[in-house]
Amino acid sequence: MLDRLKKDIETKLFNSEAFAGLTLPAVEFAPAPEHTKADISLTWALSAAKVLKKNPLEIAKAAAKIITEVSGVVEATSLAPGFINLFLEDTFICEGAQDRRLKDRAKTGENKERMLIEFVSANPTGPLHVASGRGASLGDSLVRIFNAIGTPCDAEYYVNDSGNQAELLGKSLRARTLGQEPPENGYHGDYLVDMAAEIKDKCEGWTDKEFSNYAIETMLKLHKEDMKNFNVEFNRWFRESELYAENLPQKALDFLTANKQTYEADGAVWFGTSKEDTGDDKDRVLVRKDGRPTYFLADIAYHKNKYDRAYTKLIDILGADHHGYVPRMKAAVKALGKSEDAFLPVIHQLVHLIEGGEKVKMSKRSGRFIMLRELTEDVGADVCRFFFASRTPNAHMNFDIDLAKKKTNENPVFYVQYVHARISSILSAAAAKGLVESERLPSTLAPQERALLLKLIWFKQILRTCAKDLSPHHLTAYLIELASLFHSFYDNCKVLDDTNPALSAQRLLLCQRVAERIKKGLEFVGVSAPEKM
RNA sequence: GCCCCCAUAGCUCAAUGGAUAGAGCACCUGCCUUCUAAGCAGGUGAUAUAGGUUCGAUUCCUGUUGGGGGUACCA
């Protein structure tokens, strides 16, 4: 709906006598600030002024006059230094609120983009911890949002089931079954003690490999459960061992070598990542002195495989502790012949857990950390998901465990969910009275109704912003604002009024529209929309 | 040392380079005979610091201070 208005305005503006034939910036909408009392704000005149080298206020004045003629607009006003404010017709707002399509038209049809987001990808050497929750929240929300707005997008989890750490895990588990401490660099967490107890009777004569396999499969099963409980879905759990089964690391190496991207030194095979102008500070080893491939080579093979599976754009969601990995992967993608925008790494900063006013250190090796499962069980998946989604990825996040455990209703997620519960309650009350919703929204809008409906119109735009910024935090902010407007409406406007069945039916429709958006929005964040609270 | 991220209200978070910096929680004052008070109305309260660019800076650039992370032939 806003798209249509934008287009109408551009058409009228760019064909007008004042602006025809000029190269002009595109029109962008923003919600108008409170004090202006307007609905939509444009800074178009300010940016046009730069291009045209003219007085912005003069441009705004001329443009406002033209925009006032656009259908749906009651009036456009200009304001120093060059703002244009739009006042919309109530009918336009109602029509907009009724338009529930989310798919970006520009992206349907001939658009062939296929996106793959890889996230979490934690080693199956221990339980998932809280930091994985942040990546999971971020990745899952983005997948849902991209699909909703018309960009096909899949979710994938990379399982490192090969290599040193897998071996070490097997050795650690064997040691535990013998009542011994794990090897020096092994895994000391209690979970292996528990696992050892479970297999005590059947593990006699197992090889290290069998111990390793058992431990990995068991951990992987737990990871899958954790993700399910966290409302996170993956299209595929891709195993590193699948790469080796098809000899893909070797093939990737051959590909790079054929393109003269590799060299030998000190008995190892190297990739010149630092020469690629990607910011890497040194070259990286692909094949060790002893002939074994590195993790990096396998990962190059994995990314090549993703492209070979016809994905056009890859998003990797990584924790800040892996940010140093990005330059070399960018270099690799370039060496694979892909453009820069075919690989988008998203780094999310670490989650700091605070308990008793102190930071809780997390360490996978020591086994002293807070598990995602623990947190989910304590505060609920809804609260966790909403909390993680609310923060922009590249900022640190503090998670106060005491607060989360004791006073969970301090979390804004309840404020949003409550809207859905309230509306559900109204809907069932209406059903009990035999009242059916109207086909149209109220013709004359109370201020609270108007503000609420106007907010609904922005929904699609918010999703696009999330997609552009690769973060769902705009959405949670929006949902809180929408919730606030509904609660205000609820207090001022009685929905079910026996003396006015027509208005009741219209407001019933309004409630349905709000509930739909709240539910949809929460769904993108991976949060439930309860009917009762 | 070098590289990356961050600093906004008492707390947790917002703000495509725009207008008088918004919310939730906490605190203070009112509001349940009425569709759920997990709510509403009102109040208190913030851009670490010094410069620069700009018509306009919380936002971009530089310095300073403070915090987090990274710097493997580990994954």
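Please refer to the structure placed before this passage.
Quantities reported herein were computed from a predicted structural model and do not represent experimental measurements. (Residues numbered from 1 in each chain as written. Chains lettered and ligands numbered in written order. Predicted model: local features only at pLDDT ≥ 70, side-chain atom pairs only at ≥ 80, totals over all residues. Heavy atoms only, no water.)

Draft legend 1. Structural view of the packing of helix α4 (residues 90-98) against helix α17 (residues 447-457). Direction vectors running N to C along α4 and α17 enclose 50 degrees, while the axes themselves pass 8 Å from each other. The orientation of α4 relative to α17 falls into the category oblique. Along this stretch, α4 crosses α17, giving a crossing that reads as left-handed. Within the contact between the two elements, α4 uses Asp90, Ile93, Cys94, Gly96 and Ala97 and α17 uses Arg450, Leu453, Leu454, Leu456 and Ile457. (Axes fitted to C-alpha atoms, helices over the stretch in contact; angles between N-to-C directions. Helix = DSSP H or I, 4+ residues; strand = E, 2+ residues; numbered from the N terminus. Parallel < 35°, antiparallel > 145°, perpendicular 65-115°, else oblique. Left-handed = near helix turned anticlockwise from the far one by under 90°. Contact = heavy atoms within 4.5 Å.)

Draft legend 2. Here's a closer look at the pattern of salt bridges. Tallied over the entire structure, the rule returns 30 salt bridges. Ionic pairing is found between Glu113 and Lys313, a salt bridge with its closest N-O pair at 3.7 Å. You can see Glu113 sitting in the loop between α4 and β5 (115-118) and its partner Lys313 sitting in strand β11 (residues 313-319), a full 200 residues away along the chain. Taking relative accessible area as the criterion, Lys313 reaches 17% and is therefore assigned buried. In this structure, Arg385 and Asp140 form a salt bridge, with 2.9 Å as the shortest nitrogen-oxygen distance. On the criterion of sequence distance, the pair formed by Arg385 in helix α14 (residues 381-389) and Asp140 in helix α5 (residues 130-148) is long-range, its members being 245 residues apart. (Salt bridge = Lys/Arg side-chain N within 4 Å of Asp/Glu carboxyl O. Buried < 20%, exposed > 50% of the residue type's maximum accessible area, 1.4 Å probe, protein only.)

Draft legend 3. Structural detail: the sheet that holds strand β1 (residues 30-31). The strand order β1-β2-β4-β3 describes an open sheet built from four strands, whose pairing is antiparallel. Both edges of this open sheet fall to β1 and β3 (73-79), since each of them pairs with a single strand only. Pairing of β1 with strand β2 (residues 40-42), which is carried by two bridges, proceeds in the antiparallel orientation. Within the sheet, the bridge partner assigned to Pro31 lies in β2 and is Ile40. (Pairing = 2+ DSSP bridges.)

Draft legend 4. A look at helix α3 (residues 56-67). Look at α3: 16 Å from first C-alpha to last across 12 residues, which is about the 16 Å you get at 1.5 Å a residue. Within α3 the residues assigned to the buried category are Ile59, Ala60, Ala63, Ala64, Ile66 and Ile67. Seen from one end, α3 has its buried residues packed into an arc of 160 degrees, which puts them on one side. Where α3 begins, the side chain of Asn55 points an oxygen toward the backbone nitrogen of Leu57, at a separation of 2.9 Å. (Expected span 1.5 Å × (residues − 1). Arc of directions from axis to C-beta. Polar contact = N/O pair within 3.5 Å; in protein donor to acceptor, adjacent residues only side chain to side chain.)

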